[in-house]
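This is what each chain is made of:
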Amino acid sequence: MKVSRYIQKISSDMMVLFSTASLIITSYHAAFQDHSLPVFILEILLTLIYFIHLILRVTVWDTGEEVDGKTNSTAERLRFHVKTKQFWLDVFGFLPINLLSFIAPLPLVPEIWSYLNVTYIVRVCHIISYFNIKSKYQKLNEKSIKSNLMQLFIIPIVVLHTAACVLYVVDCFKNNCSSDRWAYTPISEEDEPNFICKSVYLCALYWAIEIYSCSGVGDIVPESILDVALMLIMIIFSKFVVCNLVGHVAAIVAENFVSEGSYTYEMPILRKYLKLCNLSAPLISHIESYAESLLYVQNGLQTPRFCDELPRYLKSSLMNEVFGYHIFGNVVFSGSHPDFLRQLVTYLKYTKYFAGNIIAQTGELNGTMYFIDHGEVEVLSVDGSEITLTDILKKGDVFGMIQGLYKSTPHTRTFRATAATGILSLHYDDWKSLLPFFPQTYKELYDRAYLFSFLP
């Protein structure tokens, strides 16, 4: 399950890259009529990746415990997906339409194959969908440096490649170039003096870069009125592309400067307030260190304020979607009434710890259990001045179960974060009010705790 969740998180980013590669390969094949074996292999490989991604997204990655603890069947998930436009675009994106080319005479098969492959450009919907979603996150003030960097990388590649293909097709459709065209390939040694490009794709890309950079023309110049018209259109369009790229660069720089500027402005205010509260110097130092870690380690990211201000039913749905697996998959809580578990998740409190921060100390009475959402935690045995490392806990692990079920029980170990770590805490006093409404769950809960030796 952990591996599946991790793969699902990176799948959207990877599919943007694969969709970009598919767009480049299919358009290159159709425009330049390059029927070499590597091109065919890449097209087939990208189609297989696209198909596997669709199958996993429908049958595996959308699998999981719903807020009521039930798991949807594959048929139910498929029934949901067939109602969406994205599903049918995905299906159309891997249909082997190019196999129809084998109906034609054998010499025409490669050419028709390349033209039918153009339908796979529909995979560009993944790129559009990805950046549309990221732009919505930006409106919520979520940092999106990765998204901006991907746009900064993908947009120029796609635009310049498309321009190169169009420039070549206009002058040499089906590789039919007259000797006065820039992409003319000599047939004999007598034509060699008029030959400029030995790699027409690189030359087309070179000319496209010249046009979009507005640096003028060099060895390659427009040879017809159609070339001139096309060049004018590209020059005008290039202004919008360049402005878009400059905007993304500015956004990346601004995100860093805004966070650091806010920190520089607000830290003196916080420091002055803490001093007026007559706090000790060591405590103020620890608070300042934590605030500094939020900026330089966590890039200023914290739980969005609107999450705390959501209506309870929305907050419950959100927390169950994000953190529910910690409770539903716990050996003590799993098997309890689904309504109890759904409400229990809403009492989880997320806290960020950084390297060296103590989460709980030996002898501390806090009635709290902890779930590791990400990061690592050291388990330390403290005996006087001697500190011994006994274990290292990672994502998905839990500690303090005894203390969270019996708040009068002290912690017997010290728990310390080794890096930036997200911890979900569950305090007994917060959720004990649920137990009278679920008497059977109360009994089952402590029976399971005894069975798994969490309690004496």
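- For the chain, an unreviewed UniProt entry supplies the name Cyclic nucleotide-binding domain-containing protein and the organism Gryllus longicercus.
- The Subcellular location (unreviewed entry) comment attached to the chain in UniProt states, word for word, "Membrane".

### Some words on the sheet that holds strand 4 (residues 377-383)
And step 1. Taken in spatial order, the 4 strands of this open sheet run 2-7-4-5, and their pairing is antiparallel. A strand with exactly one partner marks an edge of an open sheet, and here the two such strands are strand 2 (358-360) and strand 5 (386-393). Adjacent strand axes in the sheet meet at a mean angle of 35° when their direction is disregarded.
And step 2. Sheet topology places strand 4 next to strand 7 (residues 414-417); 4 bridges connect them, and they run antiparallel. Along strand 7, the bridge assignment pairs valine 379 with phenylalanine 415.

### Considering the packing of aromatic side chains
And step 1. Under the definition given, this model contains 17 aromatic pairs.
And step 2. Ring centres 4.5 Å apart and planes at 20° place the aromatic pair phenylalanine 32 and tyrosine 168 in the stacked group. With phenylalanine 32 in helix 1 (residues 2-32) and tyrosine 168 in helix 7 (residues 145-171), this pair connects stretches of sequence that are 136 residues apart.
And step 3. Ring geometry for tyrosine 442 against tyrosine 446: centres 5.2 Å apart, planes inclined by 50°, an arrangement best described as tilted. Pair noted here: tyrosine 442 and tyrosine 446 are both in helix 16 (residues 439-451), with a separation of 4 residues, about one helical turn.
And step 4. Here tyrosine 446 falls in the buried class, since its relative accessible area comes to 12%.

### Section: the pairing of strand 7
One face of the sheet, then the other: side chains in a regular strand alternate in exactly this way.
And step 1. Sheet topology places strand 2 next to strand 7; 2 bridges connect them, and they run antiparallel. Pairing of alanine 360 across the sheet is with phenylalanine 415, part of strand 7.

### Examining unusual backbone geometry
And step 1. Even without a glycine there, the phi angle at glutamine 33 is positive, about 50°.
And step 2. Its place among the elements puts glutamine 33 in the loop between helix 1 and helix 2 (37-61).
And step 3. Residue glutamine 33 is classed as buried on the basis of its relative accessible area, which comes to 11%.
And step 4. Although it is not a glycine, asparagine 278 sits at a positive phi angle of roughly 60°.
And step 5. Following the sequence through the fold, asparagine 278 ends up in the loop between helix 9 (225-276) and helix 10 (281-296).

### Here's the deal with the UniProt feature "transmembrane region" (unreviewed entry) in the chain
And step 1. In the numbering adopted here, UniProt assigns the feature "transmembrane region" (unreviewed entry) to residues 12-31, 37-56, 87-106, 112-131 and 152-170.
And step 2. As annotated, residues 87-106 comprises 30% helix and 0% strand, and the C-alpha atoms at either end are separated by 34 Å.
And step 3. Across residues 152-170 one finds 100% helix and 0% strand; the C-alpha atoms that close the span lie 28 Å apart.

### Observations regarding the side chain of asparagine 366
And step 1. Within the secondary structure, asparagine 366 is located in the loop between strand 2 and strand 3 (368-374).
And step 2. Judged by its relative accessible area of 14%, asparagine 366 falls in the buried class.
And step 3. Within the structure, the side chain of asparagine 366 is placed 2.9 Å from the side chain of histidine 411, a separation counted as a polar contact.
And step 4. Discounting residues that sit within four places of it in the chain, asparagine 366 has contacts with Ala360, His411 and His427.

Rules behind the numbers
- Residues numbered from 1 in each chain as written.
- Predicted model: local features only at pLDDT ≥ 70, side-chain atom pairs only at ≥ 80, totals over all residues.
- Heavy atoms only, no water.
- UniProt positions renumbered as here; feature names shortened; annotations may be inferred.
- Pairing = 2+ DSSP bridges.
- Helix = DSSP H or I, 4+ residues; strand = E, 2+ residues; numbered from the N terminus.
- Axes fitted to C-alpha atoms, helices over the stretch in contact; angles between N-to-C directions.
- Phe/Tyr/Trp six-rings, centres within 6.5 Å; stacked < 30°, edge-to-face > 60°.
- Buried < 20%, exposed > 50% of the residue type's maximum accessible area, 1.4 Å probe, protein only.
- Polar contact = N/O pair within 3.5 Å; in protein donor to acceptor, adjacent residues only side chain to side chain.
- Contact = heavy atoms within 4.5 Å.

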